[in-house]
Amino acid sequence: QDMLDHNHANTNIPKVIGAARGYELTGDTRYRDISENFYRMVTQHHIYCTGGTSNGEFWHAPDAIASQLGPAAEECCCSYNMMKLTRHIYGWSGDPAAMDYYERALFNARLGTQDSDGLKMYYLSLAPGLWRTFGTSFGAFWCCTGTGAEEFAKFGDSIYWHDAAGIYVNLFISSQVEWPEKGLTLVQDTSFPEEEGTTIHVRTKGRVSSQICVRAPSWVGSGFGITINGAPPSSIGMGAGHFVLTRDWKNGDQIHVRLPMSLRMESLPDDPSIQAAMYGPLALAGRLGNSGLVREMIYGPLRPDPKQGITVPAIARSLGSSADWIEPVPGGSLEFRSIGRKDPIRLSPLYSIFDERYTVYWKAAV
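Okay, so let's go over this structure. Throughout this description, residue numbers start from 1 for each chain and increase along the sequence as written. Only residues with pLDDT of 70 or above have their local features reported here, since the model is predicted, and side-chain atom pairs are shown and tallied only from 80 upward, although totals for entire chains, interfaces and linings are computed over all residues. Working from all heavy atoms in the structure, the side-chain values ignore hydrogens and water.

**Observations regarding the nonpolar core**
As a reminder, the rule being used: Residues enter a nonpolar core if they are buried and are Ala, Val, Leu, Ile, Met, Phe, Trp, Tyr or Cys, with the set joined through side-chain atoms within 4.5 Å. Only protein chains enter the accessibility calculation, which uses a 1.4 Å probe. A residue is then buried if its area is under 20% of the maximum for its type, exposed if over 50%, and partly exposed in between.
Among the nonpolar cores identified, the biggest contains 72 residues, and Phe38, Leu85, Leu186 and Ile255 are the most heavily contacted of them. Within the second largest apolar cluster, 36 residues are counted, among which are Tyr123, Met297, Leu350 and Tyr358.

Shown next, in the form of structure tokens:
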């Protein structure tokens, strides 16, 4: 039973992380049942398109998202701890859906919550027409300051995993991993998400027989493909959302992965007319300018003041998953604009918008 309504989110997520660790230490399957059931409830019924959860630090009724788009939605600590729990869940199951969630939370709920001076956010507002707020250098020792410092120090976490048979490439981030027991090193070279693909360089001292398993994201568009040394692999398997490449690898082998992204709309379960624009795993936000914003409104408050918000225009479109009201800006990396308006609205990944009003969710005027 989903009994999360009116429970304090970031008190309970760490409890479940403790239960997950309890299962790993004792083998008591009740702890695993608790962890997996809780994880399913939160990720299927209590999250925003960003992967974040909670409003005003608390959960509310399952799937009641439309009424929870406030200045205190979502709390940054909750995303940090949900990602921490995801690492346990994935470690037991190898389910790529867990990495889909982890990636969504990483790019939307974590990136962008630290400014250029290292100051952290407490709440990532999802109320249309508001803005990001950050702490100050000496007056904001919040819980989210500590978890933010830890999260931003370990962005190398969870890119790669391995089992006895092979290594898993789950996140598309420039990085290097060494597997000394196998004598295998992978170097991933990518500017994802600006680049819709990644190249994996294999380094060995001799021939190494191993699987290299590449996650097939749930969001990937048509044209997804893999080549090895410029040619399609002679043998490729599919296992639980991963493409499995099995061969004797030699030093200098290259794997290129095409990861085409496409635009789509995601509707809220309790009000399909409220929608978010997504591009691959990225939540796009409408850029609404900085009129009226001053530094004191951005630095110091836990959350933006809803009384100083602005009205966000509705979008004229039919309901559904098609994002036919948005088009890419020519020559713009991850920049988009609305179609059919006298004053087009520009959209960018949420993580890239600072010192500016924005909206992640739009009302469709059908």
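**Side note on empty space enclosed by the protein**
Operational definition: Using a 1 Å grid laid over the protein atoms alone, points where a 1.4 Å probe fits but cannot get out form a cavity; open sets with protein on both sides within 12 Å along at least 5 of 7 lines form a pocket; any residue with an atom within 4 Å of a point counts as lining. Grid points are joined across faces, edges and corners, and a volume is the space filled by probe spheres set on the points. Asp, Glu, Lys and Arg are counted as charged, while Ala, Val, Leu, Ile, Met, Phe, Trp, Tyr, Cys and Pro are counted as nonpolar; the rest, among them Gly, fall into the polar class.
One pass over the structure, following the stated rule, counts two cavities of 30 Å³ or more. Taken as a whole, the largest cavity holds about 70 Å³ of empty space. What lines the largest cavity is simply His46, Tyr48, Thr53, Ser54, Asn55, Phe58, Trp59, His60, Ala61, Ala64, Ile65 and Gln68. When grouped by side-chain class, the residues that make up the lining of the largest cavity number six nonpolar, six polar and no charged. Put simply, the second largest cavity is a space of about 30 Å³. The wall of the second largest cavity is formed by Met83, Tyr102, Leu106, Glu151, Lys154, Phe155, Asp157, Leu171 and Ile173. A class-by-class count of the residues in the lining of the second largest cavity yields six nonpolar, no polar and three charged.

**Some thoughts on the sheet that holds strand 5 (residues 197–204)**
For the record, the criterion: Two strands pair if DSSP finds at least two bridges between them. Numbering of helices and strands runs from the N terminus, with a helix taken as a DSSP run of H or I at least four residues long and a strand as a DSSP run of E at least two residues long. Throughout, an axis means a line fitted to C-alpha atoms (over the contacting stretch in the case of helices), and angles, computed between N-to-C directions, take values from 0 to 180 degrees.
Judged by pairing direction, the sheet is antiparallel, and its five strands sit side by side in the order 3-4-5-10-7 without closing on themselves. Strands with a single pairing partner mark the edges of an open sheet, and in this sheet they are strand 3 (175–179) and strand 7 (225–228). Taken pair by pair, the neighbouring strands of this sheet meet at an average axis angle of 15°, ignoring direction. As defined by bridge partners, strand 5 adjoins strand 10 (residues 254–258) across five bridges and the pair is classed as antiparallel. Paired with Thr198 across the two strands is Val257, which belongs to strand 10.

**Considering the pattern of salt bridges**
Here is the rule: What counts as a salt bridge is simple: a side-chain nitrogen of Lys or Arg found within 4 Å of a carboxyl oxygen of Asp or Glu.
Scanning the entire structure with this criterion turns up 13 salt bridges. Among the ionic pairs, Arg87 bridges to Asp157, the shortest N-O distance being 3.7 Å. With Arg87 in helix 3 (residues 76–93) and Asp157 in the loop between helix 5 (143–152) and strand 1 (160–162), this pair connects stretches of sequence that are 70 residues apart. Classification of Arg87 as buried rests on a relative accessible area of 11%. Accessibility expressed as a relative area gives 28% for Asp157, which makes it partly exposed. A single salt-bridge network, built from bridges that share partners, covers Asp100, Glu103 and Arg215.

**Points about the packing of helix 3 against helix 5**
To be explicit about the condition: Oblique is the label for any angle not under 35 degrees, not over 145, and not in the 65 to 115 range, which are roughly parallel, roughly antiparallel and roughly perpendicular in turn. For any pair of crossing helices, the crossing counts as left-handed if the nearer helix is rotated counterclockwise from the farther one by less than a right angle, and right-handed if it is rotated clockwise. By the convention used here, residues are in contact when the closest approach between their heavy atoms is within 4.5 Å.
Interaxial distance between helix 3 and helix 5 falls to 8 Å at its minimum, and their mutual angle equals 45°. Here helix 3 lies oblique to helix 5, going by the angle between them. As for how helix 3 packs across helix 5, the hand of that crossing is left-handed. From helix 3, Cys76, Cys77, Tyr80, Met83, Lys84 and Arg87 reach across to helix 5, where they touch Cys143, Cys144, Thr147, Glu150 and Glu151. The residue makeup of the contact of helix 3 with helix 5, split by class, is six nonpolar, one polar and four charged.

**Some points on the side chain of Glu151**
Put simply, the test is: As used throughout, the charge tally considers Lys and Arg to be positive and Asp and Glu to be negative, leaving His and the chain termini uncounted.
Tracing the backbone shows Glu151 in helix 5. Lacking a salt bridge, the buried Glu151 has Arg110 as its closest oppositely charged neighbour, with an N-O distance of 4.0 Å. The contacts of Glu151, once residues within four sequence positions are left out, are Tyr80, Met83, Arg87 and Arg110.

**Structural notes on the packing of aromatic side chains**
Put simply, the test is: Any pair of Phe, Tyr and Trp rings, taking the six-membered ring for Trp, is counted once the centres come within 6.5 Å. Such a pair is stacked with planes under 30 degrees apart, edge-to-face with planes over 60 apart, and tilted for the rest. Definition used: whenever NZ (Lys) or CZ (Arg) falls within 6 Å of the ring centre and also within 35 degrees of the ring normal, the charge is taken to sit over that ring.
Under the criterion given, the structure shown has 15 aromatic pairs. For the ring pair Phe172 and Phe192, a centre distance of 5.8 Å and an interplane angle of 70° mean the geometry is edge-to-face. Within this pair, whereas Phe172 is found in the loop between strand 2 (166–169) and strand 3, its partner Phe192 is found in the loop between strand 4 (184–189) and strand 5, the two being separated by 20 residues in sequence. Ring pairs connect the aromatic residues Phe107, Phe172, Phe192 and Trp219, which therefore count as one cluster. For Arg132, the ring lying beneath its charged end belongs to Phe354, and the centroid distance is 5.3 Å. Across the ring face of Trp179, the terminal group of Lys182 is positioned such that the distance to the ring centre comes to 5.9 Å.

**A word on the environment of Gly225**
Within the fold, Gly225 resides in strand 7. Residue Gly225 is classed as buried on the basis of its relative accessible area of 8%. For Gly225 and Lys120, which are 105 residues apart along the polypeptide, the C-alpha to C-alpha distance reads 38 Å. In contact with Gly225, other than residues within four places in its own chain, are His256, Val257 and Arg258.

**Digging into helix 4 (residues 96–110)**
As a reminder, the rule being used: Helices are assigned an expected span. That span is 1.5 Å times one less than the residue count. Side-chain atoms alone can form a polar contact between residues adjacent in sequence; in general such a contact is a pair of N or O atoms within 3.5 Å, and within protein one must be able to donate a hydrogen while the other accepts it.
Here helix 4 contains 15 residues, and its C-alpha end-to-end distance of 20 Å stays within 8% of the 21 Å for a straight helix at 1.5 Å per residue. Among the 15 residues that make up helix 4, 14 are buried, leaving the element largely enclosed by the rest of the structure. Among the residues of helix 4, the N-terminal cap falls to Asp95, whose side-chain oxygen and the backbone nitrogen of Ala97 are separated by 3.0 Å. Looking one or two places after helix 4, you find Gly112, whose phi comes out positive at around 95°.

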